[in-house]
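Below are the chains, spelled out letter by letter.
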Amino acid sequence: MPRGQKSKLRARAKRRQARSETKGLGGAQATAAEEENSPSSASPLLGDRSQNLPTAGTRSTPKSPQRAAGVSCADSNEGANSQNEESSDESYCEDPLNEKVVLLVEFLLRKYQAKEPITKADMLKSVIKNKKYQFPEILKRASEHMELAFGIDLKEVDPIRHCYTFVNKLDLTADDMVIDEENTPKTGLLMIVLAVIFKKGNCATEEEVWKVLNLMGVYAGKKHSIYGEPKKVLTQELVQMKYLEYRQVPNSDPPRYEFLWGPRARVETSKMKVLEFLAKVHDTTPSAFPSCYEEAMKDEEERARARIEARAHSSAMASARAKAKPSSSSCPK
Amino acid sequence: MGAPRSRSPRLEVPSYMQCSTRRMGIMTDVHRRFLQLLMTHGVLEEQAVKRLQKHCYKVHDRNAAVEKLEDFINNINSVLESLYIEVKKGVTEDDGRPVYALVNLATTSISKMASDFAENELDLFRKALELIIDSESGFASSTNILNLVDQLKGKKMRKKEAEQVLQKFVQNKWLIEKEGEFTLHSRAILEMEQYIRETYPDSVKMCNICHSLLIQGQSCETCGIRMHLPCVAKYFQSNSEPRCPHCNDYWPHEIPEIFNPEKEREAGISTSNKKSLRSRQH
């Protein structure tokens, strides 16, 4: 890797360290020192990685900042420990809850990307563990980090079973996804496959897809003048671009595979648009496919509702923040 | 580096998040959209990252001047620092293209893959990873990986299934395949460098020039030091008699070409259609 970038990172870390060392209560260093001194609170995940915490932002060997941290914080340890008993207003840096907040944010980001719902039980088991009684505080802080840094809100949808979901405050559209490729000629092929998947109840076996493509003169293993090698396009390129999902049919032996819509397809197009494409190909109208048409209409309704909810939620948050303004201080520049 | 004067509304930072010992940048929706989209893509090449940045400005703050990418990213990283998350820049090992990924620094990074893969699949990845690190070339053959299928934790996996799982790793940008052999994608190197250095401290290889993890590269036949291909290209740039920086013996390998974004753009204009059909690993 080019040296310039890394030297800058190392210099930045050193500057940061120098600043914290003079104050005596450096952020990450104190946390690491605490981990060493109180083994009972060391998390199994971070336990042996605690020496990596101070090096956030650098890629050089973790050893030297850790040694420096150990030396500089030896005296300030008692100060740091006693401060934990008080509420953590200014010194979240040494707060043991902070570790859980960091882990919970990582957990939530993974769930967000996987589009999986989250339950309190899940969070307690995977992240919170022994700090069960501080769950509300940890969750609150983690949610605020998610909102501040990513614009993603965590909303409780079921207060009885404690289920949560994510609401994206940013309205992602088709424009957002078309970043890393210029127009590719594979759109036509993709639309056909999306249509087949939709028609087959949102999941089509590989055989079903090839049956349709073969009718058009597109065959697996046979290089096409426009699309290239179709099997590679379908199972690798379009999957990598997140337009399609290609997975093994559960419990199939010998293994068989199926296609589903990928997350990007769901954002960039819709069931209605694909149905309109299909109708055009068959020289008819969408209503000629009654069950698909019904499903596409429902999908349109849900999308509209989600957009309205997201907007309402973000304006509610904005007004709540506006009301709370006088009590919070501004971020140092 | 630090906080740009942005005209978009910013979120007030709760008092417990402020740390007097640390300077925090200011996050706006421009940065948040950037992060969300970078996260979705996993890893992006620099040109795509620049397009992404411009796009985010266009959506939220049309009239603002687009900040220099490095400063933009440093600003974001100063806010993410307290979460032990970072937008990390790396370089592809085979052709020296700059790439970026959102990386988590706090925990074992195999966990990044945990949500997409089952226990036996993760173990297959670990086995492949070990073979790749131990290998001389940085590549592990499909055959050697598949032969370890019996040793996997979790549900029993057959070789045919394992082949598909390996393809899944390629699709998700964790591995690269070349002629039946597998090596690490730049995404995996960016996300897992720390994990790899800790887990395989004895077998891990390092580059003599940039001192970071090395999977693919060239090595000196006399003293054994290794260098990344882009590091070799840069170090021996316009040197007609390349010599090993460590033992001074003649460098026996062909010096590769450095990735030049200008040349790429010129080539791209004339062959724009070919680009999308070419098999791009990154």
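See the structure printed just above.
Residues numbered from 1 in each chain as written. Chains lettered and ligands numbered in written order. Predicted model: local features only at pLDDT ≥ 70, side-chain atom pairs only at ≥ 80, totals over all residues. Heavy atoms only, no water.

A few points about the overall build of chain B
Moving on, step 1. A tally of helices and strands in chain B yields eleven helices and ten strands.
Moving on, step 2. The buried share of chain B, reckoned over its 282 residues, is 57%.
Moving on, step 3. Expressed as a percentage of contacts within chain B between residues at least 6 apart in sequence, the contacts between residues at least 24 apart total 54%.
Moving on, step 4. Put simply, chain B shows about 12,500 Å² of open surface, and 47% of that area lies on carbon and sulfur atoms. (Helix = DSSP H or I, 4+ residues; strand = E, 2+ residues; numbered from the N terminus. Buried < 20%, exposed > 50% of the residue type's maximum accessible area, 1.4 Å probe, protein only. Contact = heavy atoms within 4.5 Å. Areas by Shrake-Rupley, 256 points an atom, 1.4 Å probe, with all protein chains shown as cover.)

Here's the deal with the nonpolar core
Moving on, step 1. Judged by nonpolar contacts, the single largest core of 50 residues is most densely connected at Leu104(A), Leu108(A), Met123(A), Phe150(A), Leu80(B) and Leu102(B).
Moving on, step 2. Considering each element in turn, this core owes the most residues, nine residues, to helix H5 (residues 97-114) of chain A.
Moving on, step 3. Leaving out residues up to four positions away in the same chain, Leu104(A) has contacts with Met123(A), Val127(A), Ile128(A), Ile138(A), Leu139(A) and Ala142(A).
Moving on, step 4. Residues Val209(A), Tyr243(A), Val274(A) and Cys292(A) belong to the second largest nonpolar core, which totals 36 residues. (Core = buried A, V, L, I, M, F, W, Y, C linked by side-chain atoms within 4.5 Å.)

Structural notes on the pairing of strand E2 (residues 85-91) of chain B
Taken residue by residue, a regular strand's side chains alternate between the two faces of the sheet.
All names here are of chain B.
Moving on, step 1. With five of seven residues buried, E2 lies mostly within the body of the structure.
Moving on, step 2. Where E2 meets strand E3 (residues 98-104), seven bridges bridge the pair, whose relative direction is antiparallel. Its bridge partner being in E3, Val91 is matched across the sheet by Pro98. (Pairing = 2+ DSSP bridges.)

Remarks on the sheet that holds strand E6 (residues 257-261) of chain A
Residue and element names in this part refer to chain A.
Moving on, step 1. Spatially, the three strands line up as an open sheet ordered E4-E6-E5, and their pairing is antiparallel. Because the sheet does not close on itself, it has two edges, and the strands there are strand E4 (204-205) and strand E5 (244-248).
Moving on, step 2. Pairing analysis gives five bridges linking E5 to E6, with the strands arranged antiparallel. In the strand pairing of E6, Glu245 is matched with Leu260.
Moving on, step 3. Where helix H11 (residues 230-240) meets the sheet, its contacts fall on E5 and E6, and the angle it forms with E5 comes to roughly 110 degrees. (Axes fitted to C-alpha atoms, helices over the stretch in contact; angles between N-to-C directions.)

Section: the sheet that holds E3(B)
All names here are of chain B.
Moving on, step 1. Spatially, the three strands line up as an open sheet ordered E1-E3-E2, and their pairing is antiparallel. The outermost strands of the open sheet, each flanked by one partner alone, are strand E1 (43-45) and E2. Across the sheet, the axes of successive neighbouring strands diverge by a mean angle of 25 degrees, strand direction being ignored.
Moving on, step 2. Relative to E3, E1 runs antiparallel, the two being bridged by three bridges. Residue pairing in the sheet places Val43 in a bridge with Ala101 of E3.
Moving on, step 3. Sitting on the sheet, helix H1 (residues 29-41) is in contact with E1, E2 and E3, with an inclination near 100 degrees to E3.
Moving on, step 4. Helix H8 (residues 186-199) rests against E1, E2 and E3 of the sheet, and its axis sits at about 40 degrees to E3.

Here we look at H11(A)
Residue and element names in this part refer to chain A.
Moving on, step 1. Within H11, eight of the eleven residues are buried, leaving the element largely enclosed by the surrounding structure.
Moving on, step 2. The complete set of buried residues in H11 reads Pro230, Val233, Leu234, Thr235, Glu237, Leu238, Val239 and Gln240.
Moving on, step 3. The N-terminus of H11 is capped by Glu229, whose side-chain oxygen sits 3.0 Å from the backbone nitrogen of Lys231.
Moving on, step 4. Backbone geometry just downstream of H11 places Lys242 in the positive-phi region, at approximately 65 degrees. (Polar contact = N/O pair within 3.5 Å; in protein donor to acceptor, adjacent residues only side chain to side chain.)

Thoughts on H8(B)
Residue and element names in this part refer to chain B.
Moving on, step 1. End to end, H8 covers 18 Å across 14 residues, agreeing with the expected 20 Å (1.5 Å per residue, within 8%).
Moving on, step 2. The element H8 is largely enclosed, with a buried count of eleven among its 14 residues.
Moving on, step 3. Burial in H8 covers these residues: Ser186, Arg187, Ala188, Ile189, Leu190, Glu191, Met192, Glu193, Tyr195, Ile196 and Arg197. (Expected span 1.5 Å × (residues − 1).)

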